[in-house]
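Survey of secondary and tertiary structure
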Amino acid sequence: MGISYPLPAPETLHKSRARLGSFMQGSHAIVTLILDILNDQLALPKDTLSNLHRQQAVSGDQVRFVKAPPQPVDDRRTALGQHTDFGSVTVLFNRLGGLQVLPPGADAEWVYVRPLPGHAIVNLGDAMVKFTNGLFRSNIHRVVAPPGLQAESTRYSLVYFARPEDSVMLRRLE
């Protein structure tokens, strides 16, 4: 596998490269743990899923820092419309609500996902749907203004998107 060189970035990111690297390592360790558990549940050969997501391999893994200031009371709308994540596993860290999921079912209604202190929110993405031939599904979710008094605060989120290595074909695993 090739080496992934950093893309051009503002100086503030260069100064934080070690801290971001540490965050990515910790987040990727969470992803690997989840992939290993899923791997066992699917009765795949050992490390099948984690070997498609090696941290040092070239991939589209990303870290996103999101800052969402409070919206005016008369203009609180959806900040990020309904979607699924197209990678494998998303790890979201935030303290305020605003993330909603749409459970399966024809009469389903949007439900808030309550962030808990010291916890991360994890979503499976579309790549896992492909790998499992639809056995797993990626949650439809969106981001709206946080509920209640939380809506008056700025919402910060730190997100790690794990994606398969660039050389991996998105297809059903045997």
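Here, the structure is the one placed above.
Summarised in this report is the structure supplied together with it. Since the model is a prediction, treat every value here as computed from it, not as a measurement.

1. Some details on the sheet that holds strand 4 (residues 99-102)
Two orientations exist for strands paired in a sheet by backbone hydrogen bonds: parallel and antiparallel. The four strands are arranged 2-7-4-5 in an open sheet whose pairing can be described as antiparallel. The outermost strands of the open sheet, each flanked by one partner alone, are strand 2 (80-83) and strand 5 (111-112).

2. Some remarks on unusual backbone geometry
Its identity is not glycine, yet Ala-43 carries a phi of approximately 55 degrees, on the positive side. Owing to a relative accessible area of 66%, Ala-43 belongs among the exposed residues under this scheme. One non-glycine residue with positive phi stands out, namely Asn-133, at about 55 degrees. Relative to the helices and strands, Asn-133 resides in the loop between helix 3 (126-131) and strand 7 (140-143). By relative accessible area, Asn-133 is classed as exposed at 59%.

3. So, the sheet that holds strand 6 (residues 121-124)
As summarised here, the arrangement of the four strands in space is 1-8-3-6, forming an open sheet in which the pairing is antiparallel. The two strands at the open ends of the sheet, each matched to only one other strand, are strand 1 (62-68) and strand 6. For this sheet the average axis-to-axis angle between neighbouring strands, irrespective of direction, equals 20 degrees. As judged from the seven bridges shared by strand 1 and strand 8 (residues 155-162), these two strands associate in the antiparallel manner.

4. Quick look at helix 2 (residues 17-41)
For helix 2, with 25 residues, the first-to-last C-alpha span of 36 Å sits near the 36 Å given by 1.5 Å per residue. For helix 2, the full list of buried residues reads Phe-23, Ser-27, His-28, Val-31, Ile-34, Leu-35, Leu-38 and Asn-39. On its buried face, helix 2 sits against strand 1, strand 3 (89-94), strand 6, helix 3 and strand 8. Looking one or two places after helix 2, you find Ala-43, whose phi comes out positive at around 55 degrees.

5. A short note on the environment of Leu-173
Inspection of the secondary structure puts Leu-173 in the segment after strand 8. In this view, Leu-173 contacts Leu-44, Thr-48, Leu-49, Leu-52 and Phe-131; residues no more than four positions away in its chain are not counted.

6. Structural notes on the environment of Gly-97
Residue placement: Gly-97 occurs in the loop between strand 3 and strand 4. Once the C-alpha coordinates of Gly-97 and Asn-139 are considered, the two residues, 42 residues apart in sequence, prove to be 17 Å apart. Not counting residues up to four positions away in its chain, the partners in contact with Gly-97 are Pro-115, Pro-146, Pro-147, Gln-150 and Arg-155.

7. A short note on the nonpolar core
Membership of the largest hydrophobic core comes to 19 residues, with the highest contact counts inside it found for Val-31, Leu-49, Met-128 and Phe-131. Contributing elements (two or more residues each) for this core: helix 2, strand 3, helix 3 and strand 8. Each residue touching Leu-49, except ones within four places of it in the same chain, is listed here: Leu-35, Leu-38, Asn-39, Leu-42, Leu-44, Met-128, Phe-131 and Leu-173. Leu-99, Ile-121, Val-143 and Val-159 belong to the second largest nonpolar core, which has six residues in total.

Conventions adopted
Residues numbered from 1 in each chain as written. Predicted model: local features only at pLDDT ≥ 70, side-chain atom pairs only at ≥ 80, totals over all residues. Heavy atoms only, no water. Pairing = 2+ DSSP bridges. Helix = DSSP H or I, 4+ residues; strand = E, 2+ residues; numbered from the N terminus. Buried < 20%, exposed > 50% of the residue type's maximum accessible area, 1.4 Å probe, protein only. Axes fitted to C-alpha atoms, helices over the stretch in contact; angles between N-to-C directions. Expected span 1.5 Å × (residues − 1). Contact = heavy atoms within 4.5 Å. Core = buried A, V, L, I, M, F, W, Y, C linked by side-chain atoms within 4.5 Å.

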